[in-house]
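The primary structure of each chain is shown beneath.
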Amino acid sequence: MEKKKALTFTFSIVAIILGVTLFKQFDFKNLKFENTWLAIIYAIVFVFSVYVVLKNAKTK
């Protein structure tokens, strides 16, 4: 049980950090990212971390 809590906490911190980073890198004037490939990697990891957090929250 403690391992699931630590895993959920870690992935939620990762999701918050990546969400803020993606928001900061997005150029609203031109509607594109500053560094496209890095943003794609960030988005993949962000979606995975949100999935893990929601999956663990659903099982509780």
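Please refer to the structure higher up on the page.
Conventions used here
- Residues numbered from 1 in each chain as written.
- Predicted model: local features only at pLDDT ≥ 70, side-chain atom pairs only at ≥ 80, totals over all residues.
- Heavy atoms only, no water.
- Helix = DSSP H or I, 4+ residues; strand = E, 2+ residues; numbered from the N terminus.
- Rg over C-alpha atoms; globule rule 2.2 N^0.38 Å.
- Buried < 20%, exposed > 50% of the residue type's maximum accessible area, 1.4 Å probe, protein only.
- Contact = heavy atoms within 4.5 Å.
- Areas by Shrake-Rupley, 256 points an atom, 1.4 Å probe, with all protein chains shown as cover.
- Expected span 1.5 Å × (residues − 1).

**Student:** Can you walk me through the overall build of the protein in this structure?
**Tutor:** Along the backbone of the protein there are 2 helices and 2 strands. Overall, the protein shows an N-to-C arrangement of helices and strands of α-β-β-α. Computed over the C-alpha atoms, the radius of gyration of the protein is 14 Å, more than 25% above the 10 Å expected from 2.2 N^0.38 for a compact globule of 60 residues. Residues counted as buried form 17% of the 60 residues belonging to the protein. Counting only contacts in the protein whose residues sit at least 6 apart along the sequence, the fraction spanning at least 24 positions is 54%. When the accessible surface of the protein is totalled, it reaches about 5,000 Å², and 72% of it is carbon and sulfur.

**Student:** Explain helix α2 (residues 36–59) here, please?
**Tutor:** Between the first and last C-alpha of α2 there are 35 Å, a value that for 24 residues agrees with the 34 Å anticipated at 1.5 Å per step. Three or more residues of α2 are buried, namely Ala39, Ser49, Val52, Val53 and Asn56.

**Student:** Help me out: how do you make sense of unusual backbone geometry in this one?
**Tutor:** Phi is mostly negative for residues that are not glycine, and the peptide bonds are mostly trans. With phi around 55 degrees, leucine 31 is a residue other than glycine that occupies positive phi space. As for its placement among the helices and strands, leucine 31 is situated in the loop between β1 (26–27) and β2 (32–33). On the basis of relative accessibility, which here comes to 62%, the residue leucine 31 falls in the exposed class.

**Student:** Help me out: how do you make sense of the environment of glutamate 34 in this one?
**Tutor:** On the secondary structure map, glutamate 34 appears in the loop between β2 and α2. Judged by relative accessible area, glutamate 34 falls into the exposed class, the value being 64%. Sequence separation between glutamate 34 and leucine 22 is 12 residues, and the spatial gap between their C-alpha atoms is 9.9 Å. Those residues in contact with glutamate 34, other than ones at most four positions away along the chain, are Lys24 and Gln25.

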